[in-house]
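The primary structure of each chain is shown beneath.
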Amino acid sequence: PAALAAASGALARCGILPVQAGALDRLARATDIVFDKTGTLTRVHPVLEAVDVFDGMDEARACAIAAALERDSGHPIAAAFADEEEQLAVEELTLVAGQGLAGRVDGVDWRLGTAPFAAALVDDGQLWLGDGTRAVARFSMREGLRPDAANTIRSLEALGLTVHLASGDGAAAVERMAATLRIADARARQRPEDKLALVRELQAQGRTVAMVGDGLNDAPVLAGADVSLAMGEGAALAQRAADLVLTAPQLMRVPAAVTLARRTRRIIRENFAWAVGYNLIALPLAAMGRVTPGWAAAGMALSSLVVTVNALRLMRRPREENRSWSSC
């Protein structure tokens, strides 16, 4: 308990909140880590870079319809349409996991999402607006990589973890991200059930899987992973499904948390070894009458003090961890 309390305090000071029992122990045993892309490895708010309209659709009208559909979706893409002045009402809004959104705006049924879902076209990785059979607009988004994403991936690999990327985005965007971050296993157009299947596949191989995500679609896989971390800027449902929440947006908190979890497990083992060794020596001596009550009380107090002081080592940061924790 002393070690876990000290570790939880150290995590909280650095912007990581453990919300499930046993999270540190499972994180210490992690062998693989799966990242979502949008809002996790990239910044939360993508930028709308270009709008192409078709079939007589007006650009402002297309943006207004997209803004209405995205308004309550909780997806990071909604931020790209947050500045739209025209506020349209949407009815019968439906989220189709891994594909997009469907809803009725001014009596017309619209779909916003992948090209096959929105307009029955070949998937090109862009965001499309259509009625399911024809396209009226295509939105090109620009996402900024989080500044510490590359260092985070390298630090996790240095800790011996295998990194995977699973994203609902198109193949082109995911391949660019994987090439930039040098992630060997990258999977595009992953629905929530596909991400969960990836985790189950790794678990079936005897791997202990950590998941990092932020969106509503990530909630099932966050709950299904052995241990999970949710971004504090993400959806509330994702945070409720996770074991730990990154209250600060820096991704370098993830390798720092893994390192601290492993130190915590090591110190717990040291404390158990001390307690077992102490009792193996002290109990026989006490049974033989070789220990007076005064010495017995002093020995118990010393044993408790040793365990507590050893646990408090988790409150300070070793020199080799300074890089991971430098932004705390």
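Residues numbered from 1 in each chain as written. Predicted model: local features only at pLDDT ≥ 70, side-chain atom pairs only at ≥ 80, totals over all residues. Heavy atoms only, no water.

Participant: Is there a simple way to explain the overall build of the protein chain in this structure?
Facilitator: Regarding its fold elements, the protein chain presents 12 helices and 13 strands. Taken against the 2.2 N^0.38 rule, which gives 20 Å for 328 residues, the C-alpha radius of gyration of the protein chain at 25 Å runs more than 25% over that of a compact globule. Here the protein chain holds 328 residues, and 45% of them are scored as buried. Considering only residue pairs separated by 6 or more positions, the protein chain has 59% of its internal contacts joining residues 24 or more positions apart. A total of about 15600 Å² of accessible surface is found on the protein chain, and carbon and sulfur atoms cover 56% of it. One way to put it: in the protein chain the 35 positive side-chain charges average out to a point 14 Å from where the 38 negative ones average out. (Helix = DSSP H or I, 4+ residues; strand = E, 2+ residues; numbered from the N terminus. Rg over C-alpha atoms; globule rule 2.2 N^0.38 Å. Buried < 20%, exposed > 50% of the residue type's maximum accessible area, 1.4 Å probe, protein only. Contact = heavy atoms within 4.5 Å. Areas by Shrake-Rupley, 256 points an atom, 1.4 Å probe, with all protein chains shown as cover. Lys, Arg positive; Asp, Glu negative; His and termini not counted. Charge placed at Lys NZ, Arg CZ, Asp CG, Glu CD.)

Participant: When you look at the packing of helix α5 (residues 149-158) against helix α10 (residues 253-287) in this model, what are you seeing that I'm missing?
Facilitator: Taken N-terminus to C-terminus, the directions of α5 and α10 make an angle of 20 degrees; their axes are 8 Å apart at the nearest point. By the angle class used here, α5 and α10 are roughly parallel. Note on element contacts: α10 touches α5 through Val254, Pro255 and Val258, opposite Thr152, Ser155 and Leu156. Looking at the contact of α5 with α10 residue by residue, the classes come out as four nonpolar, two polar and no charged. (Axes fitted to C-alpha atoms, helices over the stretch in contact; angles between N-to-C directions. Parallel < 35°, antiparallel > 145°, perpendicular 65-115°, else oblique. Nonpolar A, V, L, I, M, F, W, Y, C, P; charged D, E, K, R; others polar.)

Participant: I tried to follow the nonpolar core on my own but got confused; where do I start?
Facilitator: One recurring pattern in soluble globular proteins: nonpolar side chains tend to sit buried together. Formed by 35 residues in total, the largest nonpolar core has its most connected members in Ile33, Phe35, Leu41 and Leu156. Ranked by residues supplied to this core, first place goes to α10 with five residues. Ignoring any residue separated from it by four or fewer positions in sequence, one finds Leu41 in contact with Phe35, Asp36, Leu145, Arg146, Ala149, Ile153, Leu165, Leu181, Ile183 and Leu251. Ranked by size, the runner-up nonpolar core spans 22 residues in total, among them Val51, Ala64, Ala68 and Leu129. (Core = buried A, V, L, I, M, F, W, Y, C linked by side-chain atoms within 4.5 Å.)

Participant: Is there a simple way to think about the sheet that holds strand β1 (residues 16-18) in this case?
Facilitator: Strand pairing in a sheet relies on backbone hydrogen bonds. The paired strands run either parallel or antiparallel. Spatial ordering of the open sheet is given by β1-β13-β12-β11-β2-β9-β10, a layout of seven strands whose pairing is mixed. In this open sheet, the two strands that pair with only one neighbour each are β1 and β10 (185-187). When the angles between neighbouring strand axes are averaged without regard to direction, this sheet yields 20 degrees. (Pairing = 2+ DSSP bridges.)

Participant: It is not clear to me how the side chain of Asp243 should be interpreted in this structure. Could you clarify?
Facilitator: Within the secondary structure, Asp243 sits in the loop between α9 (236-241) and β13 (244-246). In contact with Asp243, not counting residues within four places along its chain, are Leu17, Pro18, Val19, Gln20, Ala23, Arg26, Asp226, Val227 and Ser228.

Participant: So what exactly am I meant to see when it comes to the pairing of strand β5 (residues 100-105) here?
Facilitator: In regular strands, side chains alternate between the two faces of the sheet. With five of six residues buried, β5 lies mostly within the body of the structure. Note: strand β4 (residues 90-96) against β5, five bridges, orientation antiparallel. Note that in β5 the partner of Glu91 across the bridge is Arg104. In terms of strand pairing, β5 meets strand β6 (residues 108-113) through six bridges, oriented antiparallel.

Participant: Sorry if this is basic, but what is going on with the sheet that holds strand β7 (residues 127-130) here?
Facilitator: With antiparallel pairing, six strands are arranged side by side in an open sheet as β3-β8-β7-β6-β5-β4. A strand with exactly one partner marks an edge of an open sheet, and here the two such strands are β3 (47-53) and β4. For this sheet, the mean inter-axis angle between neighbouring strands, taken without regard to orientation, is 15 degrees. Docked against the sheet, helix α3 (residues 59-70) engages β3, β4, β5, β6, β7 and β8 (135-142), running at close to 110 degrees with respect to β5.

Participant: Looking at this structure, how should I read the packing of helix α1 (residues 2-13) against α10?
Facilitator: What describes two packed helices is the angle between their axes and the distance between those same axes. One way to put it is that α1 packs onto α10 with a least axis distance of 10 Å and a crossing angle of 165 degrees. Compared by their axis directions, α1 and α10 come out roughly antiparallel. Here α1 runs over α10; the crossing is right-handed. In this structure, α1 uses Ala3, Leu4, Ala7, Ala10 and Leu11 to contact α10, whose residues at the interface are Ala257, Leu260, Thr264, Ile267 and Ile268. Per-class residue counts for the contact of α1 with α10 are nine nonpolar, one polar and no charged. (Left-handed = near helix turned anticlockwise from the far one by under 90°.)

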